[in-house]
Amino acid sequence: MFNILENQIGSRLLLPGNERYEETRKVWNTAVDKQPAAIVVCESEEDVSAGVKFAKENHLSISIRGGGHHVGGFAVCDGGLMIDLSQMRSVVVDESRQVALVEGGATLGDIDLETQKYGLAVPTGTVSETGVAGLALNGGLGYLRGKYGLTCDNIVGARVVTADGKAIDVNEENHPNLFWAIRGGGGNFGVVTKFEFALHNVGPEVFALDVMYDLKDAKEIIQKLQAFLEQAPDEAVSINLTATVLPPAPFLPEILHFKKVIMFTGIYAEDVSEGETILKPLRELAEPIMDHTGVMPFAEYQKKLDPMVPEHVRVYGTSLYFDQLTDEIIDQLLYKIYNAPAPSILVQLWALGGEMNRVPATATPYAIRDAKFVLLVDCMAMAGDDDLCKQWIDSVYGGLLPFSHKKASYLNAIGSNEEATTNAFQENYARLVEIKEKYDPENLFRHNHNIKPSK
Ligand SMILES: Cc1cc2nc3c(=O)[nH]c(=O)nc-3n(C[C@H](O)[C@H](O)[C@H](O)COP(=O)(O)OP(=O)(O)OC[C@H]3O[C@@H](n4cnc5c(N)ncnc54)[C@H](O)[C@@H]3O)c2cc1C
């Protein structure tokens, strides 16, 4: 069956039994273990087109691997064709147009490395090994969201291989409906081989927050943070809180091993000395355990959290948005943290506001533009405790769902969940279905938060 495709792309086609097949089908979340019928390791748009045409003709579903980091493991599928973009990672800065041309398999680190040579940045996320494609297509929350919006808000054009295998330019003028759909509607509409992202002046040095407090002070700290955010400028609102249990790592003093802490990260997205003054109150919310806040290169800060997310982990995750963090929500969350089944948990509360929330809810598919916080929870399972992790994640989601904003979740942080999908898109869902019916009526691209054609 695969002879025709093999004639076209040769050794870039991997079938079960090929030694590279096993390695290539792995995704970041090792709890996902799926076996595609074949993998196309793409080196060009032509490879992508050949793979998509072949899948369509042979009625195979398609999974797309950008950076392979989605917690749901959507980059790989059972029995379908996996389009692997991990060899397509080039990033080119066009200074005259202030855009970055970024291939669909690039990571956030690839982008920062190139754009920071010019003192420019694309607003992306906070861990450098994450793929930009999945992140941008479903939103994209990073330290620049308050000042410059989400990653999807900064897509100004794309090259997309649609379900018929044709590559098209997509922007405000060409295929405007599809251009709208890819700015938040996920990988439902085709394979993005190249993005054009708007660039902004950032760094190279920024004032960066890095404070750690004892988790026992969390309630008071979160209340004070909310008061700070009420009056903070756009440059200072993108603050991330991470509650976790510190590992017994050699670089930490023994007294901190297994300690439950809450960390503050974020940058001041403008002048460095102004940042020092404006972010000062966030360093004095309680007695800090550690404070490494200071001036540092933006590209370096973008990698700061990398060591906290190990490769090859079995992960269960969930997410919810909130209007405000009431005492009831904070108490419930703290109870869950103190009663977590595994030591490796990450409970993150990210403040939302500024530019990302000024974009009208229907301007892009990403509809949740009026929440104040998003909760992102991950439980990393050790041997044998997968079920406990899953149950804990479900209990966090179920317990907090009634208090959440529009019962919506951040789709980049939650596995398959139909209700969460429609709730995330709100009134944009119907328009997304129409566009899906036009560009992918057979639902070839269904390994994602799927927008199902109604016919
Ligand atoms: C360690 C870690 C840190 C993270 N940090 C952040 C963060 O700071 N901010 C944030 O917003 N999110 C963050 N996330 C979540 C992240 O946004 C999602 O995991 C995102 O899906 C990653 O994109 P990817 O390309 O690596 O994913 P993949 O698993 O490769 O793909 C995810 C989805 O996108 C589709 N897709 C991928 N590439 C393409 C393409 N080229 N064309 C069309 N569809 C495509 C896939 O089909 C799949 O459905 C983080 C995740 C991890 C694991």
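Residues numbered from 1 in each chain as written. Predicted model: local features only at pLDDT ≥ 70, side-chain atom pairs only at ≥ 80, totals over all residues. Heavy atoms only, no water.

Caption draft 1: Spatial organisation of the site of the ligand. Around the ligand, the structure places 33 residues, and the nearest of them are Gly66, Gly68, Thr126, Leu141 and Tyr410. Histidine 69 has a polar backbone atom sitting 3.0 Å from an oxygen atom of the ligand. Notes on the ligand: free accessible area 940 Å², of which the protein chains cover 94%. Where the shell around the ligand is concerned, the elements lending two or more residues are strand S3 (62–65), helix H5 (132–137) and strand S10 (191–198). Class assignment of the residues belonging to the shell around the ligand gives a composition of 15 nonpolar, 17 polar and one charged. (Near = heavy atom within 4 Å. Polar contact = N/O pair within 3.5 Å; in protein donor to acceptor, adjacent residues only side chain to side chain. Areas by Shrake-Rupley, 256 points an atom, 1.4 Å probe, with all protein chains shown as cover. Helix = DSSP H or I, 4+ residues; strand = E, 2+ residues; numbered from the N terminus. Nonpolar A, V, L, I, M, F, W, Y, C, P; charged D, E, K, R; others polar.)

Caption draft 2: Fine view of the sheet that holds strand S1 (residues 13–14). With mixed pairing, four strands are arranged side by side in an open sheet as S1-S2-S4-S3. Pairing within the sheet leaves two strands with one partner each, and these edge strands are S1 and S3. Sheet strands touched by helix H3 (residues 45–57): strand S2 (38–41), S3 and strand S4 (81–84). Its angle to S4, the strand with the most contacts, is close to 170°. (Pairing = 2+ DSSP bridges. Contact = heavy atoms within 4.5 Å. Axes fitted to C-alpha atoms, helices over the stretch in contact; angles between N-to-C directions.)

Caption draft 3: A look at the packing of aromatic side chains. Under the criterion given, the structure shown has six aromatic pairs. Here tyrosine 213 and phenylalanine 264 contribute two aromatic rings whose centre-to-centre distance is 5.7 Å and whose plane-to-plane angle is 80°, an arrangement assigned as edge-to-face. Residue tyrosine 213 is located in strand S12 (residues 205–214), and its partner phenylalanine 264 is located in strand S14 (residues 260–268); the two are separated by 51 residues in the primary sequence. Taken individually, tyrosine 213 and phenylalanine 264 each receive the classification buried, so the pair is uniform in this respect. In this structure, arginine 183 packs its charged tip against the face of phenylalanine 179, placed 3.8 Å from the ring centre. Between the NZ or CZ atom of arginine 431 and the centre of the ring of tryptophan 180, over which it lies, the distance is 4.0 Å. (Phe/Tyr/Trp six-rings, centres within 6.5 Å; stacked < 30°, edge-to-face > 60°. Buried < 20%, exposed > 50% of the residue type's maximum accessible area, 1.4 Å probe, protein only. Lys NZ or Arg CZ within 6 Å of the ring centre and 35° of its normal.)

Caption draft 4: View of the domain arrangement of the protein chain. By domain assignment, the protein chain separates into domain 1 (3–84), domain 2 (91–201) and domain 3 (205–415). The gap between the C-alpha centroids of domain 1 and domain 2 is 22 Å. Contact with domain 1, which involves 11 residues of that partner, is made by 17 residues of domain 2. Summed over both sides, the interface of domain 1 with domain 2 buries roughly 1,100 Å², with 66% coming from carbon and sulfur. Of all residues in domain 1, the largest losses of buried area upon contact with domain 2 belong to Glu45, Ile64 and His69, amounting jointly to 40% of the total for that side. Here domain 1 and domain 2 share one salt bridge between them. Across the pair arginine 159 and glutamate 45 runs a salt bridge whose closest N-O atoms are separated by 2.8 Å. Counting across the interface, domain 1 meets domain 2 through two residue pairs in polar contact (both at pLDDT 80 or more). The leading source of residues in the side of domain 1 that touches domain 2 is H3, at six residues. Broken down by class, the residue content of the side of domain 1 that touches domain 2 amounts to four nonpolar, four polar and three charged. (Domains from an automatic or database assignment. Buried area = accessible area lost by both parts, 1.4 Å probe. Salt bridge = Lys/Arg side-chain N within 4 Å of Asp/Glu carboxyl O.)

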